[in-house]
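As a plain string of letters, each chain reads:
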Amino acid sequence: MEHNSAEDSDISDSDIAEHKEKIYAQIRAGKLKVKRGQAFGCPFCPGRKRQDYNLKDLLQHATGIGASSKHTAKVRASHLGLAMFLEKDIASSLDKPLQIVPYKPKTPKDEDLFVSPWMGIVVNLQCELMKGKEFSRESEERLTAQLSRFRPLQATILGDEKDQPFCAIIEFAKYLSGFKDAMAFENHFILEHYSKPDWKKRNCRKDDLYGWIAKTDDFNSPGPIGEYLRKNGNLKSVADLEREGLKETGKRVVHYALQIEDTNEHMLELEQKKNVNVMKLSRMLEENDRLVEEHNERILKMQKAARRNSWKIINDNIKLHEELETKKKEIARRHEELEKSVINSTDREKLEATKEEIAKENKLLDLATLKQKEEDEKFLKLVKEQEQEKEEIMKTLYDLEMQLASKQKLELEREQLRGNLEVQKHMAEEDAKSKELLDKLHEELKEKDEEMEGIDSVNQALIIKHRRTNDELEEAKKELITGLVNMSSARSTVGVKRMGELDEKTFLAACKEKIADEEELAILCSKWEDEIRHPEWHPFKVIHVGGEAKEIIMEDDEKLQALKAELGVKAHDVVVKALREMNEYNPSGRYPIPELWNFREDQRAPMGEAVAYIVKRWKANKKKHTYY
């Protein structure tokens with residue numbers, strides 16, 4: 001129990017002497033048992049295999065551990081207390097004093113030193129191999145091939161001195177692998193009895209090769225062998241080799257650890273970039289879905305409004321037809337009443353005249369009714385054609401939106417696959433098992449690319465169809481503009497405005513405040529129309545608002561400043577307005593462009609609004625003709 005409590009906490013080196021005396025007192029008091037019958041035991045090493053010592057061995061054990069720096073201060077102090085008890089109380093009671101062998105840490109046996117880089121020595125080379133003592137590269141290569149099973153790096157043949165036989169130095173690889181090859185080289189010659197001791201006996205045949213690994217005595221020897229070894233190597237032990245191997249292994253471990261850390265950091269960066277891209281693409285898809293939904297809602301509202309207008313027109317036509325029938329019945333009724341009320345011939349003549357007038361009116365009404373019916377049929381046909389065109393356009397837009405959504409979804413999946421592929425590439429360098437996953441990702445990416453190509457082809461076809469539809473709409477818009485130009489008047493709400501054209505009426509009214517001559521005013525108006533159309537005059541500058549580029553008028557332009565000074569602010573504003581319209585609608589062509597325009601609200605009129613206005617005008621004209 002006391003021993004276990006002593007091991008619970010350690011002590012410092014300064015407390016060793018005090019703890020030593022304490023242990024010595026405990027052993028003397030019998031609290032710690034040392035003697036076990038005729039043998040002795042260490043009370044502080046209960047887990048050791050050897051439990052029984054003689055007095056000399058136990059004292060050697062206690063002294064050695066007490067002097068060792070490998071153990072803790074408490075363990076050393078405990079064993080020193082035991083050694084103190086054995087010396088004072090046990091050894092003093094013996095007849096012969098016990099000779100204590102001072103503890104010396106075990107040192108390894110003097111190790112053999114080898115020449116590093118590892119080199120072997122081959123002697124007794126024959127002159128025939130040298131081709132007449134010529135140290136050629138071919139002879140060295142032949143010797144290297146002869147010893148190829150030991151994997152030598154190269155062989156260097158040394159010349160003889162004073163009729164000494166030729167010899168060669170065989171160099172092996174560095175580190176442990178080369179040392180194993182060098183030892184295999186030496187063991188081969190030992191087994192064949194052609195080693196260094198055999199060579200020293202001088203009982204060799206002239207055609208035998210003798211070889212051994214270069215060591216200390218060879219390194220320090222005189223002659224060409226010693227000189228070559230001292231010049232090209234140094235002495236090292238196997239322990240040095242192990243230390244160098246451990247050091248090199250540690251360097252490699254550190255190097256690979258740093259590489260793994262860098263790879264992990266790079267993978268983390270790739271993962272973060274992939275996540276950021278996924279978030280961006282997700283937001284883009286959400287925004288696109290929202291825009292598509294809003295666009296579809298607007299289109300549905302426009303379709304509903306167009307249907308309401310069409311049915312309203314049809315219902316108005318039905319009402320007008322009913323009113324016409326009612327008037328015809330009223331005329332017939334009046335005719336019958338007149339026939340009944342006729343008494344004399346004079347009244348009869350008047351009645352006949354009235355009948356003829358009524359017949360003429362009925363004929364005109366029939367013609368008007370027929371004309372109205374034809375116009376109604378044309379209008380219904382036009383409405384149906386427009387609805388069909390709208391449905392085709394909506395279908396095309398819907399197909400395009402679906403293709404765009406599919407394309408964006410595929411792009412998102414492809415980016416995710418590329419991110420995973422990039423991560424797996426780095427993982428594949430560390431783990432060969434990820435090759436299957438890498439191949440699978442390659443196949444999935446290839447499938448997505450093929451699917452993307454198919455969608456691109458379909459999307460291209462839809463884009464061509466959409467362009468064709470847009471061209472048809474542009475042609476319809478041109479026809480609509482032509483019709484509005486022919487039917488427009490000064491009081492028209494919706495008509496055609498030439499964008500980029502100088503408003504002569506407003507410009508002349510502004511200039512009359514400065515100039516009264518009509519001819520001079522006409523010249524000024526023509527001059528500024530030419531200036532607006534001149535391609536070299538572009539008084540605009542680009543600014544960035546909210547991250548977007550925007551063109552605005554340069555207020556410090558010389559021509560505009562001169563115009564303001566000469567003709568006033570109003571004339572300046574009219575020219576600036578025309579310039580802005582020209583820059584918006586036709587900046588490259590520099591000529592006015594006709595555009596549907598709502599003059600009451602002073603803004604561009606959509607095609608639907610222009611069509612509704614034409615229908616309204618047509619209905620008003622039809623009512624006038626009906627009443628007549």
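As recorded in an unreviewed UniProt entry, the chain goes by Factor of DNA methylation 1-5/IDN2 domain-containing protein and comes from Sorghum bicolor.

Undergrad: Talk me through the overall build of the chain; I want residue IDs and the actual numbers.
TA: Secondary structure summary: the chain contains 18 helices and 13 strands in total. Every one of the 628 residues in the chain was classed for burial, and the buried ones make up 34%. Entry remark: accessible area of the chain is about 41900 Å², with carbon and sulfur atoms responsible for 52%.

Undergrad: I'd like to hear about the confidence of the model for the chain, residue by residue, with values.
TA: This prediction gives the chain a mean pLDDT of 76; 78% of its residues lie at or above 70. Across the chain, strand 7 (residues 210–213) holds the top mean pLDDT of 91, while helix 1 (residues 2–6) sits lowest at 42. The low-confidence segment residues 1–8, where pLDDT is below 50, has eleven contacts with residues more than four positions distant or belonging to other chains. Residue range residues 100–109 is modelled with pLDDT below 50. Its contacts to residues more than four positions away, or to other chains, number eight contacts.

Undergrad: So, the side chain of Asp181: which residues are in play, and what are the values?
TA: In this structure, Asp181 sits in helix 7 (residues 175–191). Leaving out residues up to four positions away in the same chain, Asp181 has contacts with Phe150, Arg151 and Phe172.

Undergrad: Summarise the pattern of salt bridges; cite the residues concerned and give the values.
TA: Scanning the model with the defined rule gives twelve salt bridges in all. In this structure, Arg28 and Asp89 form a salt bridge, with 3.2 Å as the shortest nitrogen-oxygen distance. Taken together, the residues span a long stretch of sequence, with Arg28 in helix 2 (residues 16–28) and Asp89 in helix 4 (residues 73–90) at a distance of 61 residues. Since its relative accessible area comes to 54%, Arg28 is described here as exposed. Owing to a relative accessible area of 25%, Asp89 belongs among the partly exposed residues under this scheme. One salt bridge connects Glu581 with Lys497, and the closest N-O pair in it is separated by 3.0 Å. In this pair, Glu581 is assigned in helix 17 (residues 569–585) and Lys497 in strand 9 (residues 494–499), connecting sequence segments 84 residues apart. For Glu581, a relative accessible area of 8% gives the class buried. Here the salt bridges do not stand alone but share partners, grouping Lys196, Asp217 and Asp218 into one network.

Undergrad: How would you explain the sheet that holds strand 9 if you had to name every residue and give the values?
TA: Spatially, three strands are ordered 9-12-13 in an open sheet, and the strand pairing comes out antiparallel. This sheet does not close on itself; its edge strands, each paired only once, are strand 9 and strand 13 (603–604). Set on the sheet, helix 17 makes contact with strand 9, strand 12 (593–598) and strand 13; between it and strand 9 the angle comes to about 90 degrees.

Undergrad: Can you lay out the nonpolar core for me, pointing to particular residues and giving the numbers?
TA: Most often, soluble globular proteins keep nonpolar side chains buried together rather than apart. Residues Ile121, Val123, Ile169, Ile170, Ile225 and Leu229 are the most contacted members of the largest nonpolar core, which totals 35 residues. For this core, the secondary-structure elements that each account for two or more residues are strand 3 (113–116), strand 4 (119–125), strand 5 (154–158), strand 6 (166–171), helix 7, strand 7 and helix 10 (224–232). Ile121 has contacts with Ala168, Ile169, Phe185, Tyr210, Gly211, Trp212, Ala214, Asp218, Ile225 and Leu229, leaving out every residue within four places of it along the chain. Counting 23 residues, the second largest nonpolar core, distinct from the first, contains Ala510, Cys525, Phe540 and Leu567.

Undergrad: Describe unusual backbone geometry, naming the residues involved and giving the relevant values.
TA: Cis geometry marks the peptide bond from Ser116 to Pro117; its omega dihedral reads 0 degrees. Here Pro117 is to be found in the loop between strand 3 and strand 4. Phi is positive for His193, close to 60 degrees, though the residue is something other than glycine. For His193, the position within the fold is in the loop between helix 7 and helix 8 (196–201).

Undergrad: Provide a residue-level description of the sheet that holds strand 7, including the pertinent values.
TA: Ordered by their spatial adjacency, four strands build an open sheet running 5-6-4-7, and the pairing between neighbours is antiparallel. Edge strands, defined here as strands with exactly one partner in the open sheet, are strand 5 and strand 7. Averaged over all pairs of adjacent strands, the angle between their axes in this sheet comes to 20 degrees, without regard to strand direction. Direction of pairing for strand 4 relative to strand 6: antiparallel, over a ladder of six bridges. In the strand pairing of strand 6, Gly120 is matched with Ile170. Docked against the sheet, helix 6 (residues 137–146) engages strand 4, strand 5 and strand 6, running at close to 125 degrees with respect to strand 5.

Criteria and thresholds
- Residues numbered from 1 in each chain as written.
- Predicted model: local features only at pLDDT ≥ 70, side-chain atom pairs only at ≥ 80, totals over all residues.
- Heavy atoms only, no water.
- Helix = DSSP H or I, 4+ residues; strand = E, 2+ residues; numbered from the N terminus.
- Buried < 20%, exposed > 50% of the residue type's maximum accessible area, 1.4 Å probe, protein only.
- Areas by Shrake-Rupley, 256 points an atom, 1.4 Å probe, with all protein chains shown as cover.
- pLDDT = per-residue confidence, 0-100.
- Contact = heavy atoms within 4.5 Å.
- Salt bridge = Lys/Arg side-chain N within 4 Å of Asp/Glu carboxyl O.
- Pairing = 2+ DSSP bridges.
- Axes fitted to C-alpha atoms, helices over the stretch in contact; angles between N-to-C directions.
- Core = buried A, V, L, I, M, F, W, Y, C linked by side-chain atoms within 4.5 Å.

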